[in-house]
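Summary of the model geometry
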Amino acid sequence: MRRARVLWALQYDHRAEDLALVRWLAGQEARCRREAPSQGLGEETELAGFLLAGYRRVQDVWLHWEIKGANFDTWCGYDIEHLFAAGVRTTIAFVRDSGHADRDDVLERLTDQDGEPCVSEEDLAQWWQGRLSYFPADPDAEDPLTWIERAKRVGDAVLARHWLDRWTVGRPRDAATLSQLRYQLTDLGAFAEAAAAQRESLVFAGDAWDLASAWQSLAGLERQAGNQHAAWDALRECGRALDDVSGWREVGLGRSYVMELFLLARCAGGELADVVFAEADRRAREVPRLPLVVFRAAAEAADAVGLRTRAQHYRELRDAERRRLDGDNGPGRS
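These figures come from a predicted structure and were not determined experimentally. (Residues numbered from 1 in each chain as written. Predicted model: local features only at pLDDT ≥ 70, side-chain atom pairs only at ≥ 80, totals over all residues. Heavy atoms only, no water.)

**Considerations on the packing of helix H1 (residues 2-12) against helix H3 (residues 43-54)**
- Two elements in contact, H1 and H3, have axes separated by 10 Å at closest approach and are oriented at 40°. By the angle between their directions, the pair H1 and H3 is classed as oblique. The handedness of the crossing between H1 and H3 comes out as left-handed. Facing H1, whose interface residues are Ala4, Leu7, Trp8, Leu10 and Gln11, H3 presents Glu43, Glu44, Leu47, Ala48 and Leu51.
- Considered class by class, the residues forming the contact of H1 with H3 number seven nonpolar, one polar and two charged. (Axes fitted to C-alpha atoms, helices over the stretch in contact; angles between N-to-C directions. Helix = DSSP H or I, 4+ residues; strand = E, 2+ residues; numbered from the N terminus. Parallel < 35°, antiparallel > 145°, perpendicular 65-115°, else oblique. Left-handed = near helix turned anticlockwise from the far one by under 90°. Contact = heavy atoms within 4.5 Å. Nonpolar A, V, L, I, M, F, W, Y, C, P; charged D, E, K, R; others polar.)

In structure tokens form, the structure reads like this:
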């Protein structure tokens, strides 16, 4: 988070004398991406690469290569143009004449089968213009969504909400807007408002699959907002929509539906919990290959409604599935 703040500041105010700092930050981002459990790429890594590329120093090709090779996501998502920042021919010549340990690997990636550069000078110029638009030098030119994500990154939910409200003003209430609004509100823990946005977006559901998925998402948001009866109503609508989806029991949507039923049964309380659990229990018998997390939720839901026999049944299924997974991942397995 502290490194992110420095990178954001450098985006809007970096000078020639900042090169050493930018190099250090880029190296730290490469290390972070290499060691992070979730791997990924992320805005900070892209921003560090953009800033470093802006200095157009050919010797930085090795640092860009370090970022690109940090993990699978960076390998796929960190643009090869970063390595050519000093110029296509200049970079190829520098790498070819170097004694660096990564010389051959880098040269192979920078050139095609005929030994020609995989990027032209025109491609590089066009890519750079795109990067300049993506990382504007003027903070007032930023997309409000960028400020939302950055506010969340530093844990300032109030500021994030301010930017979200600002982003929403005057926007058409179309599917894209409502989808983004629902995502952001959910991320901020405003589940009731996220549910309202999701309910509004139901009109944009295309076929029965989309409708079932939309109702299921709404059910989860209503549950997290504490509106358990509304969640149950949404799940019933989801079930009706699934009746028109061929083979829904064999796919992830069906398993997620059963999972949501058990999650609601676990927290609903009272008579509603009994009703929801009965439906979850019935649906679970219909859907094959339920995953471990569903059996775990089912056992907890059965305990919550006081059905000891069913709780034991799901615990046995849970434990059997865990043993199967342990066996699949054990020694001697590929």
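Alright, that's what it looks like, and here's the rest.
**Observations concerning the side chain of glutamate 279**
- By secondary structure assignment, the location of glutamate 279 is in helix H16 (residues 270-286).
- We classify glutamate 279 as buried; its relative accessible area is 17%.
- Looking at glutamate 279, its side chain comes within polar contact range of the side chain of arginine 282, at 2.9 Å.
- Not counting the four nearest positions on each side in its chain, glutamate 279 is found in contact with Trp232, Tyr257 and Leu261. (Buried < 20%, exposed > 50% of the residue type's maximum accessible area, 1.4 Å probe, protein only. Polar contact = N/O pair within 3.5 Å; in protein donor to acceptor, adjacent residues only side chain to side chain.)

**Side note on the pattern of salt bridges**
- Overall, the coordinates contain 33 salt bridges when judged by the stated rule.
- One salt bridge connects arginine 15 with aspartate 13, and the closest N-O pair in it is separated by 3.1 Å.
- Using a relative accessible area of 47% as the deciding quantity, one classes arginine 15 as partly exposed.
- Overall, the relative accessible area of 41% leaves aspartate 13 in the partly exposed class.
- Linking arginine 31 and glutamate 35 is a salt bridge whose minimum nitrogen-to-oxygen distance equals 3.3 Å. Here the residue arginine 31 and the residue glutamate 35 both occupy positions in helix H2 (residues 19-35), the gap between them amounting to four residues, near one helical turn.
- Since its relative accessible area comes to 53%, glutamate 35 is described here as exposed.
- Each of the salt bridges in this network shares a partner with another, and the network as a whole consists of Arg249, Glu279, Arg282, Arg283 and Glu286. (Salt bridge = Lys/Arg side-chain N within 4 Å of Asp/Glu carboxyl O.)

**Thoughts on H3**
- For H3, built from twelve residues, the straight-helix expectation of 16 Å at 1.5 Å per residue is met to within 8% by its first-to-last C-alpha distance of 16 Å.
- Residues of H3 that are buried include every one of Glu44, Thr45, Glu46, Leu47, Ala48, Gly49, Phe50, Leu51, Leu52 and Ala53, and no others.
- Where the residues of H3 are buried, they touch H1, H2, helix H4 (61-68), helix H8 (121-134) and helix H9 (144-153). (Expected span 1.5 Å × (residues − 1).)

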